[in-house]
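Inside the fold
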Amino acid sequence: MEDGVGEDLSYFWRGWFLRTDVVDQAVDSVRTSKDSSGTTYTALYLSSPGRVPMPLEVRLTFADGSIENTRLPVEAWFEGNHFTYVADIPKELIKVEIDPDKNFPDVRRQNNTWTKPEAASARP
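The numbering scheme is per chain: residues are counted from 1 as the chain's sequence reads. For a predicted model such as this one, the threshold for reporting local features is a pLDDT of at least 70, and the threshold for listing and counting side-chain atom pairs is 80 or more; totals across whole chains, interfaces and linings nevertheless cover every residue. Working from all heavy atoms in the structure, the side-chain values ignore hydrogens and water.

1. With respect to the layout of surface pockets
The probe, sized like a water molecule, is rolled over the atoms to show the empty space still left. Heads up, the rule is: Think of a 1 Å grid over the protein atoms and nothing else: a 1.4 Å probe that fits but is trapped marks a cavity, an open set flanked by protein within 12 Å on at least five of seven lines marks a pocket, and residues with an atom within 4 Å of a point count as lining. Grid points are joined across faces, edges and corners, and a volume is the space filled by probe spheres set on the points. Note on residue categories: nonpolar means Ala, Val, Leu, Ile, Met, Phe, Trp, Tyr, Cys or Pro, charged means Asp, Glu, Lys or Arg, and polar means any other residue, Gly included.
In this model, the largest pocket occupies a volume close to 200 Å³. Along its surface, the largest pocket is lined by eleven residues, and Y11, R14, R51, P53 and W77 are the ones closest to its centre. For the lining of the largest pocket, the per-class residue count stands at five nonpolar, three polar and three charged.

Structure (structure tokens):
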């Protein structure tokens, strides 16, 4: 199988067949900052406490109601169980959700979502 896809799949075999780890991805926090040119950067602090590396499907929801889906490769976890995704996001971000379509067998979905505190309190 590795020859067919042209990559080392030891992370897959180790996580699914050789250990008892589980899929559990989480949004730890979100921070927005501006650089000296005024460009707004958003850092998504993500983790994989379950230790089975899987790609990240991330849905960003903005204050204007628009949505952006991003897929980050499994290689994000190759350096450890924490990953920071930094992007130039010019709109106000109000929600970040991992695996919104529930494609992966995540064991703890309650840690898959971050909602901006002001946005959460504004809901009825």
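2. A short note on the environment of P55
Quick note on the threshold: In DSSP terms, a helix is any run of H or I states spanning at least four residues, a strand is any run of E spanning at least two, and both are numbered starting from the N terminus. Whether two residues are in contact is decided by their heavy atoms, any of which lying within 4.5 Å being enough.
Residue position: P55 is located in the loop between strand 2 (40-47) and strand 3 (56-62). Once the C-alpha coordinates of P55 and I94 are considered, the two residues, 39 residues apart in sequence, prove to be 23 Å apart. Leaving out residues up to four positions away in the same chain, P55 has contacts with Q25, R71, L72, P73, V74 and F104.

3. Topic: the packing of aromatic side chains
The cut-off we apply is this: Pairing of aromatic side chains requires ring centres within 6.5 Å, counting the rings of Phe and Tyr and the six-membered ring of Trp. Pairs whose planes differ by under 30 degrees are stacked, by over 60 edge-to-face, and all others tilted. Only protein chains enter the area calculation, which uses a 1.4 Å probe; residues under 20% of their type maximum are buried, those over 50% are exposed, and those in between are partly exposed. Sitting over a ring, as applied to charges here, requires NZ of Lys or CZ of Arg to be within 6 Å of the ring centre and within 35 degrees of the ring normal.
A full pass over the atoms with the stated rule returns one aromatic pair. Their ring planes at 70° and their centres at 6.5 Å tell us that W77 and F83 sit as a pair that is edge-to-face. Classification of W77 by relative accessible area gives buried; the value is 5%. According to the relative accessible area criterion, F83 is partly exposed, its value standing at 23%. Positioned above the aromatic ring of F62, the side-chain terminus of K91 is 4.9 Å from the ring centre.

4. Thoughts on the sheet that holds strand 5 (residues 82-88)
Heads up, the condition is: A pair of strands counts as paired when DSSP detects no fewer than two bridges linking them. All axes are obtained by fitting lines to C-alpha atoms, using only the stretch in contact for helices, and the reported angles, taken between N-to-C directions, cover 0 to 180 degrees.
Pairing is antiparallel in the open sheet, where three strands are placed in the order 1-2-5. Edge strands, defined here as strands with exactly one partner in the open sheet, are strand 1 (26-34) and strand 5. If you compare each strand with its neighbour and ignore which way they point, the axes differ by 20° on average. Bridging between strand 2 and strand 5 involves seven bridges; their strand directions are antiparallel. For Y45, the partnering residue across the bridge sits in strand 5 and is T84.

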